[in-house]
Amino acid sequence: TLLALLGGLMGIMMSVPIRRALIEEIQPPLKFPEGVATAQVLRAGDEGGQAVWAVVAGAALGAVTKTLTTIRAYEPISGFGWLYKGKYPSYFGINVAASLLAVGYIVGPNVGTVLFIGAVLQYFVAMPIS
């Protein structure tokens, strides 16, 4: 645990000085959702005010939904199942976890639609063929 603590502290010490070069001054803009989310959180910290409260509210909402899921007061997965061709168990479900909704918001509707169409094609075309 001491090694992990030292590694974390070293990572923080190295990331603070290079933040501007890696996030604020990068051209072209970041493409991947994790980088975009990280950059937005860091910018909110620099701006302060309303931007920080948006980050705090998002973190609080995520904590509440995760707690409700952990104590089984809220189940983010809903769906139904059947036997395909009488012997292969199949299941169709939707997961509405807060983390997945947040990633969908970050990547935007275009990427989300492409991912959804890929999942539908895989489930209804590729799996029955195999």
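Keep in mind the model is a prediction, meaning the values are calculated, not measured. (Residues numbered from 1 in each chain as written. Predicted model: local features only at pLDDT ≥ 70, side-chain atom pairs only at ≥ 80, totals over all residues. Heavy atoms only, no water.)

Chemist: Lay out the overall build of the protein in plain terms, naming residues and giving numbers.
Modeler: Looking only at helices and strands, the protein has four helices and two strands in total. The secondary structure elements of the protein, listed N-terminal to C-terminal, are α-α-α-β-β-α. Computed over C-alpha atoms, the radius of gyration of the protein comes to 20 Å, more than 25% over the 14 Å expected from 2.2 N^0.38 for 130 residues, which places it beyond the range of a compact globule. The buried share among the 130 residues of the protein stands at 7%. Restricting the contact set of the protein to residue pairs at least 6 apart, pairs at least 24 apart contribute 21%. Carbon and sulfur atoms form 72% of the exposed surface of the protein, whose accessible area is close to 10,600 Å². A gap of 15 Å separates the mean positions of the 8 positive and 6 negative side-chain charges of the protein. (Helix = DSSP H or I, 4+ residues; strand = E, 2+ residues; numbered from the N terminus. Rg over C-alpha atoms; globule rule 2.2 N^0.38 Å. Buried < 20%, exposed > 50% of the residue type's maximum accessible area, 1.4 Å probe, protein only. Contact = heavy atoms within 4.5 Å. Areas by Shrake-Rupley, 256 points an atom, 1.4 Å probe, with all protein chains shown as cover. Lys, Arg positive; Asp, Glu negative; His and termini not counted. Charge placed at Lys NZ, Arg CZ, Asp CG, Glu CD.)

Chemist: Describe unusual backbone geometry, with residues and values.
Modeler: A positive phi angle is found at Arg72, which is not glycine, with a value near 65 degrees. With respect to the helices and strands, the residue Arg72 is situated in the loop between α3 (50-70) and β1 (77-84). Among the residues examined, Arg72 registers a relative accessible area of 67% and is labelled exposed.

Chemist: If you had to explain the packing of aromatic side chains to someone new, which residues and values would you point to?
Modeler: Under the definition given, this model contains one aromatic pair. Pairing Tyr123 with Phe124 gives two aromatic rings, centres 5.0 Å apart and planes at 85 degrees, and the pair type is edge-to-face. Given a relative accessible area of 16%, Tyr123 falls into the buried group. Relative accessible area serves as the criterion here: at 49%, Phe124 is assigned to the partly exposed category. (Phe/Tyr/Trp six-rings, centres within 6.5 Å; stacked < 30°, edge-to-face > 60°.)

Chemist: If you had to explain helix α4 (residues 98-129) to someone new, which residues and values would you point to?
Modeler: With 32 residues, α4 should cover 46 Å at 1.5 Å per step; its first-to-last C-alpha distance of 33 Å lies more than 12% under that length. Within α4, the axis deviates most sharply at Gly108, by approximately 115 degrees, and proline Pro109 lies no more than four positions further along. (Expected span 1.5 Å × (residues − 1). Bend = angle between axes of the 7 residues up to and from the residue.)

Chemist: Hey, could you go over α3 for me, with residue numbers and the actual values?
Modeler: If you check α3, its first and last C-alpha atoms are 30 Å apart, about what 21 residues at 1.5 Å a residue would give, namely 30 Å. Trailing α3 by a residue or two, Arg72 shows a phi angle of about 65 degrees, which is positive.

Chemist: Let's hear about the confidence of the model for the protein: which residues, and what values?
Modeler: Across the protein, the average pLDDT comes to 79, with 91% of residues at 70 or higher. Taken element by element, the protein is modelled with least confidence in helix α2 (residues 33-47), mean pLDDT 73, and with most confidence in α3, mean pLDDT 83. (pLDDT = per-residue confidence, 0-100.)

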